[in-house]
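Spelled out from the first residue to the last, the chains are:
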Amino acid sequence: MTENDPNAADKSGTPASGTPDQGAWPGEANPNPWSAQSAHGQPGNAHGQAGNPYAGPQYPHTATYPAASMPGSGASEPRPRAGAGKLVAGVALLALLVGGGAGAAGGYLAAENASSGGGTSVNALEQEPPARQTGNPPAGSVESVAQKLGPSVVQLRTQGSAGAGEGSGFIISADGYILTNNHVIAGAADGGRIEVVFQDGQRAEASIVGRDPTTDIAVVRAEDARNLPTVELGRSDDLRVGQQVVAIGSPYELAGTVTSGIVSSLHRPVTAGGQGDQTTVMDAIQTDAAINPGNSGGPLANMAGQVIGINSAIYSPQASSGFGQQEGGNVGIGFAIPIDQARRTADDIIQNGHATQTYIGATVGDAPGGGAAIGEVFAGSPAEKAGLKAGDVVTKLDDRVIDDANTLVAAIRTRAPGEQVTLTLSGNRTLEVTLGGQPVGGN
């Protein structure tokens, strides 16, 4: 999967156009056949070729007239009566003149009526424009979500040793904290530059507060910021397939772009940021709202205008498996990090300077008959304390069915350290595991 990166130039004019992050998103133990792309990147061209829809007109054959009606055909004609020729000829001429006059007038009137629609002439260009729209947009409409959330969505531009990049983010505090994807700002992590472009066109430099590559979450802070408009965070644990959502971001440097769709699916195990291993598997929200390179880090919102996810990746059939290669565009399959997980990670970063990753302390792989097979169990880990053994196959975590290793990793990542979960093993044996936490990430 690739996040939303285009080879597109940076949206405005500051840093040079960015090279998008991109990569294959299969899990290591359970390769994911879905190639996805991050959502900040390079634009591509789409060309279509039109065929010729016009065929030559079919003309009618020339009509054939009967010989009897043709002059000189030999048909007998009646003779005029003697003495009446001049009078008849005069009357015929008068009738012809009167008929011709009436015909001409009738033809003119018919043409006039046809051109005027048979009534009073109407010209749309002469009509007065309607009254301006007034009042607030209807509650629960895409328009209302865009109006509420738009001022809090920003464009992020980066410049680092690897070149320029760009993506999106959203303001979570009035004093300048901004939530985004790690892969959006990773290029500026080693002394690079980050610029924030606000909705009103104002710009500010920003610094990295902290980032977590394993969850693809990062927090940056705009310098000298105050009284910024903040988003309202929702929740992602009660989302339902089919509910309407709105995405806002800067695809292909088109800042403030609003698209809408639905929640297409939930709990999709997806590798964050195109890293391609189990350490970055997230439990993603799938949506058909149009997400493209440049949308990465922007909000996915419900119809109350509350942020319920962070747009992070798109499925792209033509995407290359390597970073820096050509990226695809929207095909109606995008992925967002659930806001519950992102919120917990962002809070850790702001409060502690680093993120805390939830873990059980064991390696896992795909079991041949389905489920996640436990490999090595580390000494002193939550897995060892709970009694997990190498070779055990996990088939459920609480009520969630575990199909493979990535599903187990994703399910664990949705929980907080210290939570207790029930693992169901093959043979219907169950174990209670108290999940652990370990520091991760940096700046």
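Structure shown above.
Predicted model only: the values in this text are computed from it and were never measured.

Asks: Would you take a moment to explain the overall build of the chain for this structure?
Replies: The helix and strand inventory of the chain stands at six helices and 23 strands. The buried share of the chain, taken over its 443 residues, is 45%. Considering only contacts in the chain between residues 6 or more positions apart, those separated by 24 or more positions represent 68%. Only carbon and sulfur atoms are counted for the fraction: they give 51% of the accessible area of the chain, which is about 22500 Å².

Asks: What exactly am I supposed to notice about unusual backbone geometry here?
Replies: The phi torsion of most residues other than glycine is negative, and most of the peptide bonds are trans. Phi angles above zero are rare outside glycine, and His267 is one such case at about 60°. Looking at the element boundaries, His267 is found in strand β11 (residues 257-271). Classification of His267 by relative accessible area gives partly exposed; the value is 46%. Within the chain, Asn428 stands out as a residue other than glycine whose phi angle is a positive 65°. Along the polypeptide, Asn428 turns up in the loop between β21 (420-425) and β22 (429-434). Overall, Asn428 belongs to the exposed group, its relative accessible area being 69%.

Asks: Please clarify how empty space enclosed by the protein should be interpreted in this entry.
Replies: Empty space left among the atoms is revealed by rolling a probe the size of a water molecule over them. In the structure shown here, the tally under the stated rule is one cavity of 30 Å³ or more. Estimated volume of the largest cavity: approximately 50 Å³. Lining the largest cavity, in full, are Thr215, Gln341, Arg344, Thr345, Thr356, Gln357, Thr358, Arg413 and Arg415. Of the residues belonging to the lining of the largest cavity, the class tally is no nonpolar, six polar and three charged.

Criteria and cut-off values
- Within any chain, residue numbers begin from 1 and follow the written order of that chain's sequence.
- pLDDT decides what is reported in this predicted model: residues at 70 or higher carry local features, side-chain atom pairs at 80 or more are listed and counted, and totals for whole chains, interfaces and linings draw on all residues regardless.
- Each side-chain value is worked out from all heavy atoms of the structure, with water and hydrogens disregarded.
- Secondary structure follows DSSP: runs of H or I at least 4 residues long count as helices, runs of E at least 2 residues long count as strands, and numbering of each begins at the N terminus.
- Accessible area is worked out with a 1.4 Å probe on protein chains only. A residue is then buried under 20% of its type maximum, exposed over 50%, and partly exposed in between.
- Any pair of residues with heavy atoms lying within 4.5 Å of one another is described as a contacting pair.
- Only the protein chains shown count as covering a residue, and every accessible area follows the Shrake-Rupley method with a 1.4 Å probe.
- Lining residues are defined by having an atom within 4 Å of a point belonging to a cavity or pocket. Those points lie on a 1 Å grid over the protein atoms alone, cavities being sets where a 1.4 Å probe fits but cannot get out and pockets being open sets with protein on both sides within 12 Å along at least five of seven lines.
- Grid points are joined across faces, edges and corners, and a volume is the space filled by probe spheres set on the points.
- Under this grouping Gly is polar, as are all residues other than the nonpolar Ala, Val, Leu, Ile, Met, Phe, Trp, Tyr, Cys and Pro and the charged Asp, Glu, Lys and Arg.

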